[in-house]
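# Fold and geometry: a report
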Amino acid sequence: LTSSLDNTARIWNVTDGTLIKTLRHENYVHSCAFSFDDKLVVSACRDKTVRIWDTQSGQLERTLYGHTERVANSCFSADGNRIITASRDQTARIWDA
């Protein structure tokens, strides 16, 4: 799983390096992470949003709004019930997944 300044997050096959899915965003993607069951991806975006994606379909499931500056990092909690984000607005947030 990679994030990029080309406005994408990409899911790769770790065995052979082939691209599986491209998750398109409207702005830079600063970080992304799998849920522990690998069913979802969370991405942190320059456009101040956090996005949750279905890994099988590549469809956007939900967009989280609340940060006032770009979101630098995001991850799932160990139990998968929460998403933790950190932003350039000097806040960290905990969201229901």
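All of the points below concern the structure found in this document.

The rules behind the values
- Residues numbered from 1 in each chain as written.
- Predicted model: local features only at pLDDT ≥ 70, side-chain atom pairs only at ≥ 80, totals over all residues.
- Heavy atoms only, no water.
- Salt bridge = Lys/Arg side-chain N within 4 Å of Asp/Glu carboxyl O.
- Helix = DSSP H or I, 4+ residues; strand = E, 2+ residues; numbered from the N terminus.
- Buried < 20%, exposed > 50% of the residue type's maximum accessible area, 1.4 Å probe, protein only.
- Core = buried A, V, L, I, M, F, W, Y, C linked by side-chain atoms within 4.5 Å.
- Pairing = 2+ DSSP bridges.
- Axes fitted to C-alpha atoms, helices over the stretch in contact; angles between N-to-C directions.
- Contact = heavy atoms within 4.5 Å.

Turning to the pattern of salt bridges, a few remarks are in order. Two side chains bearing opposite charge may form a pair once their charged atoms approach each other closely. Counting across every chain of the model gives four salt bridges. In this structure, the salt-bridge partner of E26 is R51, at a minimum N-O distance of 3.5 Å. Here R51 lies in strand β6 (residues 49-54) and E26 lies in the loop between β3 (19-24) and β4 (29-34), a separation of 25 residues in the sequence. The salt bridge involving D47 is made with R51; its shortest N-O contact spans 2.7 Å. By relative accessible area, R51 is classed as buried at 6%.

By size, the foremost hydrophobic cluster in this structure holds ten residues: A33, V42, A44, V50, I52, L64, V71, F76, I83 and W95. Residue assignment for this core shows that the elements contributing at least two residues are β5 (40-45), β6 and β8 (71-76). The next biggest cluster of nonpolar side chains, apart from the first, holds seven residues, and it includes A9, L23, V41 and W53.

This brings us to the pairing of β4. Remark: a regular strand shows side chains that alternate across the two faces of the sheet. Bridging between β4 and β5 involves five bridges; their strand directions are antiparallel. Counted as the bridge partner of S31 is A44 from β5. Here β4 folds back onto β5, and the loop between the two strands holds five residues, one of which, D38, carries a positive phi near 65°.

Burial runs high along β5: five of the six residues are buried. Examined bridge by bridge, β5 and β6 share five bridges and lie antiparallel to one another. Paired with S43 across the two strands is R51, which belongs to β6. Following β5, the chain reverses through three residues before pairing antiparallel with β6; K48 in that reversal takes a positive phi of roughly 75°.

Now for the sheet that holds strand β9 (residues 82-87). What links the strands of a sheet is backbone hydrogen bonding, and the strands pair in either a parallel or an antiparallel sense. Strand order in this open sheet of three strands is β8-β9-β10, and the pairing throughout is antiparallel. In this open sheet, the two strands that pair with only one neighbour each are β8 and β10 (92-96). Averaged over all adjacent pairs, the angle separating strand axes in this sheet is 20°, with direction ignored. As judged from the five bridges shared by β8 and β9, these two strands associate in the antiparallel manner. Looking at the pairing, F76 lines up with I83 of β9.

So, about the environment of L60. With respect to the secondary-structure elements, L60 resides in strand β7 (residues 60-65). Classification of L60 by relative accessible area gives partly exposed; the value is 38%. Remark: the alpha-carbon pair of L60 and L23, spanning 37 residues in sequence, is separated by 8.1 Å. When neighbours within four sequence positions are excluded, L60 is seen to be in contact with R51, I52 and W53.

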